Number of protein chains: 2
Amino acid sequence: MAILDRIQHVTIIGVGLLGGSAALALKARKPSIRIAGVGRRQESLDEALSVGAADTVHLDPAEPLAETDLVLLCTPVRAFGRILAACQPALREGTIITDVGSTKADVVAEAEDILGRSGPFVGSHPMAGSEQKGVAFSRADLFEGALCIVTPSPETPAELADGVEAFWAALGMRTARLTPDAHDKAVARVSHLPHALASLLMLLPDDADLPVSATGLRDTTRLASGDPEMWRDIFLTNAPACLEAIDRYAAGLAEFRKMVAEGDGAALEAFLDRAKRRRDATLARSLEDRRVAME
Amino acid sequence: MAILDRIQHVTIIGVGLLGGSAALALKARKPSIRIAGVGRRQESLDEALSVGAADTVHLDPAEPLAETDLVLLCTPVRAFGRILAACQPALREGTIITDVGSTKADVVAEAEDILGRSGPFVGSHPMAGSEQKGVAFSRADLFEGALCIVTPSPETPAELADGVEAFWAALGMRTARLTPDAHDKAVARVSHLPHALASLLMLLPDDADLPVSATGLRDTTRLASGDPEMWRDIFLTNAPACLEAIDRYAAGLAEFRKMVAEGDGAALEAFLDRAKRRRDATLARSLEDRRVAME
């Protein structure tokens, strides 16, 4: 945890579930750390103070930067440009800046336009969260064991990317690196499209059908309970990769429709078997799955 | 539990997870009940005996019928015709027959063709289960608190439908009645299509994308771990309702694609918000959801 020896002061911009959980995780590991919480509403900032997710609070993101070693951007991604522009004049040499946004190509390009291509910004996507929103749901262990993807661009200095990766590892995360583009294509397929599919499925049944639903529909639509504003921004900022994923999925759905329309049992079984094998080989964790299934 | 006073002997045809769990649930409630287990393979029948899910076992479904009060069909639905034809000559007056199949219009029509329109068959769909397959995973509490849909047809005598409904209620299930057609349309939307969508999603990512996936993809694809043979039969027997559900879903996906392609933030947010509100109002059970999300 050498990285935490070098970090005495962290500014968290947007102290919601993720920002608050990062604050609590940092304090659990290093009680002497100082956290500055930045937000647009005094009420949210007071709540951050009351749950111990900030030591000082600020409406102006530039205010705490003179003493800050690391800035963590936790607002919706479409606010990043405005915030980074406001921070830029007040940043001191050596401060690292990263974020928790779910899309990376747009975010990294915009941050590098404002702050420069060789730092101090490195994109991060810690893949942890829940449908709960707000600092009140923060947990010191939210990030533990989950995956964080760090997305340096070609000109990011190695020690900067290493520092950001070490920061997330210090909070208990597994880490991986991808280019911003590769990240966006992968998450469009494994995270963003699944969210849209869950929302679409939630709107499919008639009202009279819902009492017939069981844990299958509930689990399959869980993502649809996510924050509409955050997810709107994700689809807007990751549109090209999402469109590609939608087209791939729609082609699969058309193929499946053909199997059903033609009563092609062999093709149906082969398709279902291929999906089952892939899931069982990669995602299924039998005990957790069984517990959910048995609820 | 007056119904269990009237049932001394039950024949379960297909002693897997559901049949075995029904046997264990019956024995937990009425230790004196006798269960005849029927199957095609002696090995499975021996396993049913060893876990206490059958008192006698039979390769010929007709063999135990002379003393049977209730027959529970738990094989894949496409085997029902052959089995009912084999049972028909040996059935005695007063024996009730029901099933656990996930589709009902085909099943009820076929059973009534073989056994008559005014009984003794009444369709049932107990909506319980798991991705686990086989009698070894049987649990006496598998059905408790879950929903069972009973699907009498217009000519089914009221006391027969009442008896089948009381049987599932005695095993701890909530019950509802639908016509076989209404059942099939509703489950196509809330159960069958969700299964296909999960399988399609599981096959969408490239291999290199999978390490980036988190609980979202895992939970959203849970259904894809189901038994391919069983689900093949479900799509084959419920094809018309599934095609209608696919077309409705594909139209929704095309609309969503348009919102993303046009960068229409207002439409995206309204869509996501509508889905979230509907789920939160109907399906979300906050404690269970939160626990899953936090894993």
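Above this note sits the structure.
What you see is a predicted model, and the numbers here were worked out from it, not measured in a lab. Each chain has its residues counted from 1, following the order in which its sequence is written. To label them, take the chains in the order written and letter them from A, then take the ligands in the order written and number them from 1. Note on the predicted model: pLDDT of at least 70 is required for a residue's local features to be given, and 80 or more for side-chain atom pairs to be given and counted; whole-chain, interface and lining totals, by contrast, use all residues. Note: side-chain values were computed over all heavy atoms of the structure, leaving out hydrogens and water.

Here's the deal with the relation of the copies chain B and chain A
Now for step 1: Superposition of the copies used a least-squares fit over C-alpha atoms from residues whose pLDDT is at least 70 in both. Relative to chain A, chain B is turned by 180 degrees and slid 0.0 Å along the rotation axis, the superposed coordinates differing by an RMSD of 0.0 Å. Taken together, the rotation and translation describe the operation of a two-fold axis. When each C-alpha of chain B is compared by its distance to the rotation axis, Thr220(B) comes out closest, at 2.2 Å.
Now for step 2: Most of the interface of chain B is mirrored in chain A: 100% of its interface residues are interface residues there too. Whether two residues are in contact is decided by their heavy atoms: any pair within 4.5 Å suffices.

Observations concerning the pairing of strand S7 (residues 147–151) of chain B
Residues and elements named next belong to chain B.
Now for step 1: Of all 5 residues in S7, 5 are buried, a share of seventy percent or more.
Now for step 2: Strands are treated as partners if at least two bridges between them are detected by DSSP. Counting from the N terminus, the helices are the DSSP runs of H or I reaching at least four residues and the strands are the DSSP runs of E reaching at least two. Pairing geometry for strand S6 (residues 123–126) and S7, over 4 bridges, is antiparallel. Of the residues in S7, the one forming a bridge with glycine 123 is threonine 151.
Now for step 3: Alignment of S7 against strand S8 (residues 174–177), held across 4 bridges, turns out to be parallel. Bridging across to S8, isoleucine 149 finds its partner in alanine 176. Each residue's exposure class comes from its accessible area (1.4 Å probe, protein chains only) as a fraction of the maximum for that residue type: buried when under 20%, exposed when over 50%, partly exposed otherwise.

Thoughts on the packing of aromatic side chains
Now for step 1: Between rings of Phe, Tyr and Trp, where Trp is taken as its six-membered ring, a pair exists when centres lie within 6.5 Å; planes separated by under 30 degrees are stacked, by over 60 edge-to-face, and by other angles tilted. Following the criterion strictly, the structure yields 10 aromatic pairs over all chains and no others.
Now for step 2: Centre to centre, the rings of Phe167(B) and Trp168(B) are 5.1 Å apart; their planes meet at 75 degrees, and the pair counts as edge-to-face. Across the pair, exposure class does not vary: Phe167(B) and Trp168(B) are buried alike.
Now for step 3: Members of the aromatic cluster, joined through ring pairs, are Trp231(A), Phe235(A), Phe256(B) and Phe271(B).

Focus: the pattern of salt bridges
As a working rule, side chains carrying opposite charge can pair if their charged atoms are close by.
Now for step 1: When a carboxyl oxygen of Asp or Glu is within 4 Å of a side-chain nitrogen of Lys or Arg, the pair counts as a salt bridge. Taken as a whole and judged by the stated rule, the model has 52 salt bridges over all chains.
Now for step 2: Arg41(A) is the salt-bridge partner of Glu43(A), the closest N and O atoms lying 3.3 Å from each other.
Now for step 3: The class of Glu43(A) is exposed, set by a relative accessible area of 59%.
Now for step 4: As a salt-bridge pair, Arg277(A) and Asp273(A) come within 2.7 Å of each other at their nearest N and O atoms. Residue Arg277(A) and its partner Asp273(A) are both found in helix H11 (residues 265–282); the two are separated by 4 residues, about one turn of the helix.
Now for step 5: Given a relative accessible area of 58%, Arg277(A) falls into the exposed group.
Now for step 6: Put simply, Arg189(A), Glu244(A), Arg248(A), Asp206(B) and Asp209(B) are held in one network by salt bridges that share partners.

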